[in-house]
Structure formats: structure tokens, C-alpha cells
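# Structural overview for review
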Amino acid sequence: MITIKSEREIDLMRHAGMLVSKMHQFIKPYIKEGVTTKQLDELCEKFIRDQDAVPTCKGYEGYPATLCTSVNDTVVHGIPNDEPLKNGDIISIDVVIGYKGYQGDAAWTYAVGEVSEEKKYLMEHTEKSLLEGLKMVKPGNRIGDISHAVEEYATSHHLGVVRELCGHGIGQEMHEEPEVPNFGIPNTGPLLKKGMVICIEPMITYGHRDVYVMPDEWTVKTLDHSDAAHYEHTVLVTEDGYEILTPRLED
Ligand code: MF3
Ligand code: CO
């Protein structure tokens with residue numbers, strides 16, 4: 001069932017989403033050569049708890065951390081560890097924050113120091129593929145319209161679209177119906193209605209789109225070890241379009 005959120009629920013989700021945005025703004029200056037992803041995770045967990053909120057991923061199906069920290073060829077669900085970031089890495093930081101029982105979810109990819117032109121290209125066009133998906137969000141359109149727009153943008157820029165994972169509805173649970181794939185056919189799938197809240201999250205590769213899961217059963221990497229990027233927003237369907245509940249704040 002796809003739930004329609006009440007005004008009260010939307011207000012709580014706006015708050016949860018804003019905390020996600022603020023956490024990204026908070027952690028950005030720490031993303032530098034030498035820092036470990038575990039240090040970033042600890043800083044973010046404290047930041048979240050100080051806001052009267054909860055790090056929803058921690059303990060979710062046994063996931064051990066607040067953040068997913070996915071470096072270079074890791075697509076998503078990288079577990080924070082003691083390895084220091086290096087100049088030239090890219091790192092996707094994905095977080096879900098719960099506030100009074102409602103969830104906000106957003107990811108973006110950050111450059112560590114100076115990164116290659118290829119990595120810049122991958123990041124720029126992954127974010128733009130998310131924006132193309134967003135443009136399709138309005139009542140009367142269907143999930144397939146979003147999926148197709150993301151896929152069309154990414155593949156026309158010669159990038160790979162990961163198919164094994166997808167976006168999702170969100171509310172009291174971090175994963176609700178519907179699924180929001182990053183590939184698909186226009187005018188197919190569930191109809192968008194005012195008051196639905198979904199997460200659109202393209203996971204895009206510089207090389208081939210095939211991925212595998214590491215023995216830790218979380219870390220998803222590209223099979224060819226090419227770089228990957230991940231951008232995600234939590235989005236409310238409004239009367240005539242959409243509202244991003246996890247806006248990117250100024251540095
Ligand atoms: N933000 C991720 C998602 O969109 C969170 C899942 S990671 C988990 O699905 F560890 F919490 F499972
Ligand atoms: Co998500």
C-alpha cells in the first residue's frame with residue numbers, strides 16, 4: 001500500500017528531512033584526506049542524537065553504523081571503517097534520520113581533495129540524473145516516468161545504471177511502497193498522488209553497471225571496479241509538482 005501523508009505527518013517529515021540536510025552540511029568540512037569513515041560516522045551519530053533524533057540505519061537488519069560510507073568502486077552500503085580517506089577519492093554518504101517516528105533519507109557524493117576529471121564527470125551527471133527524475137514528480141505522472149528520465153539521462157551520458165537496487169517510498173518506515181527503479185518505461189507503474197513521499201536515488205557507474213555484494217553482506221561494489229556515485233533526495237508529491245524535503249544547504 002502506498003500511503004498518503006497528512007499535513008501533520010508532512011511537517012514531521014519536513015523536520016526529519018531538514019535534519020538530514022543539516023547533517024550533510026555539518027559533515028562536509030570533515031571530509032578530508034586522512035580522516036576515517038568511522039570518525040565521520042561517530043561525528044554524525046552524535047550530531048543526530050543531539051537533535052533529539054535517531055540514526056535509523058544503526059541496527060536496521062543488523063547494519064552496524066549510522067552512515068553508509070561508500071568510497072570509489074563501492075556503490076552503496078559501505079560500512080564505516082578505520083581506513084583513512086585519500087586525496088582523489090570520492091565518497092558517497094547516505095543517511096536516514098528518524099524524528100518523532102518519521103524518516104528522512106538523502107545521499108550525496110563528495111570529493112576528497114582534488115579528484116580526476118572522470119570522477120567529476122561521474123558526480124556531476126549522477127546528480128543531474130536525479131534532477132531529471134525529480135522533474136517528472138507531479139500528480140498524474142507514474143513511477144516509470146521518473147525511472148525512465150533517470151535512465152535516459154545517465155545512459156545518454158555513457159554511464160551505467162545499477163539495476164539491483166532502487167529508490168522507495170518513505171514515511172514511518174525508511175522503506176515503504178512503491179519501489180522507485182532507476183530504469184523503466186514511461187507511463188507505467190504506480191500513479192503519483194499528492195501527499196506521497198518517495199526517495200529517488202540513482203546509483204550510477206563510470207564503467208559497466210554490474211555489481212556484486214561483498215562477504216560482509218552489505219558492501220555493494222562495481223564488478224569492474226570502476227567508480228560509482230549516489231545521489232538521493234526525499235521528495236513530497238505536491239498539488240502541482242514536488243517539494244524536496246532534504247534540500248542541499250549552503251556550505
Ligand atoms: N539510505 C539507504 C536507502 O536508501 C539506507 C539503507 S542502508 C541500511 O535504502 F543500512 F540502513 F540498510
Ligand atoms: Co533511500
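Residues numbered from 1 in each chain as written. Chains lettered and ligands numbered in written order. Predicted model: local features only at pLDDT ≥ 70, side-chain atom pairs only at ≥ 80, totals over all residues. Heavy atoms only, no water.

### Regarding the packing of aromatic side chains
- Counted according to the given criterion, the structure contains three aromatic pairs.
- With a centroid separation of 4.6 Å and 20 degrees between ring planes, the pair formed by Phe26 and Phe47 is classed as stacked. With a gap of 21 residues between them, Phe26 in helix 1 (residues 7-27) and Phe47 in helix 2 (residues 37-50) connect regions that are remote in the sequence.
- Between the aromatic rings of Tyr63 and Trp218, the centroid separation amounts to 4.9 Å while the plane-to-plane angle is 80 degrees, which identifies the pairing as edge-to-face. Linking Tyr63 in the loop between strand 1 (54-55) and strand 2 (67-71) with Trp218 in the loop between strand 11 (211-213) and strand 12 (220-222), this pair joins segments that are 155 residues apart in sequence. Both residues of the pair, Tyr63 and Trp218, belong to the buried class.
- A network of ring pairs unites the aromatic residues Phe26, Tyr30 and Phe47 as a single cluster.
- In this structure, Arg163 packs its charged tip against the face of Phe183, placed 4.0 Å from the ring centre. (Phe/Tyr/Trp six-rings, centres within 6.5 Å; stacked < 30°, edge-to-face > 60°. Helix = DSSP H or I, 4+ residues; strand = E, 2+ residues; numbered from the N terminus. Buried < 20%, exposed > 50% of the residue type's maximum accessible area, 1.4 Å probe, protein only. Lys NZ or Arg CZ within 6 Å of the ring centre and 35° of its normal.)

### Here we look at the site of ligand 1
- What surrounds ligand 1 is a group of 14 residues, the closest being Cys57, Asp94, Asp105, His175 and Glu201.
- Between Asp105 and ligand 1, the recorded distance is 3.0 Å, taken from a side-chain N or O atom to a nitrogen atom.
- Residue His168 places a side-chain N or O atom 3.1 Å away from an oxygen atom belonging to ligand 1.
- Summarising the interface, the protein chains cover 96% of the accessible area of ligand 1, which totals 330 Å² for the free molecule.
- Assessed atom by atom at 2 Å from the grid points, ligand 1 resides in the largest pocket.
- Of the residues in the shell around ligand 1, the class split is seven nonpolar, three polar and four charged. (Near = heavy atom within 4 Å. Polar contact = N/O pair within 3.5 Å; in protein donor to acceptor, adjacent residues only side chain to side chain. Areas by Shrake-Rupley, 256 points an atom, 1.4 Å probe, with all protein chains shown as cover. 1 Å grid on protein atoms, 1.4 Å probe; cavity = no way out; pocket = protein on both sides within 12 Å on 5 of 7 lines; lining within 4 Å. Sits in = over half its atoms within 2 Å of the grid points. Nonpolar A, V, L, I, M, F, W, Y, C, P; charged D, E, K, R; others polar.)

### A short note on the layout of surface pockets
- Estimates place the volume of the largest pocket at around 500 Å³.
- For the largest pocket, the lining is made up of 29 residues, of which His77, Leu165, His168, His175 and Glu201 are closest to its centre.
- With four residues, strand 8 (residues 176-180) is the largest single contributor of residues to the lining of the largest pocket.
- Partitioned by chemical class, the residues of the lining of the largest pocket number 14 nonpolar, five polar and ten charged.
- The volume enclosed by the second largest pocket comes to roughly 310 Å³.
- Taken together, 18 residues form the lining of the second largest pocket, with Val71, Thr74, Asn81, Glu83 and Lys221 sitting closest to its centre. (Points joined across faces, edges and corners; volume = space filled by probe spheres on them.)

### Considerations on the sheet that holds strand 8
- Spatially, five strands are ordered 8-7-9-14-15 in an open sheet, and the strand pairing comes out antiparallel. The strands lining the two open edges of the sheet, one partner per strand, are strand 8 and strand 15 (242-244). The average undirected angle you get between the axes of adjacent strands in this sheet is 25 degrees.
- As defined by bridge partners, strand 14 (residues 233-237) adjoins strand 15 across three bridges and the pair is classed as antiparallel. Note that in strand 15 the partner of Leu236 across the bridge is Glu243. (Pairing = 2+ DSSP bridges. Axes fitted to C-alpha atoms, helices over the stretch in contact; angles between N-to-C directions.)

### Examining the nonpolar core
- Residues Met23, Ile31, Leu40, Ile93 and Ile200 are the most contacted members of the largest nonpolar core, which totals 55 residues.
- Secondary structure elements with two or more residues in this core: helix 1, helix 2, strand 4 (90-99), strand 5 (102-111), helix 3 (117-134), helix 4 (143-156), strand 9 (197-200) and strand 14.
- With eight residues, helix 1 is the largest single contributor of residues to this core.
- Filtering out sequence-adjacent residues up to four positions away, Ile31 remains in contact with Leu40, Leu85, Ile91, Ile93, Tyr110 and Val112. (Core = buried A, V, L, I, M, F, W, Y, C linked by side-chain atoms within 4.5 Å. Contact = heavy atoms within 4.5 Å.)

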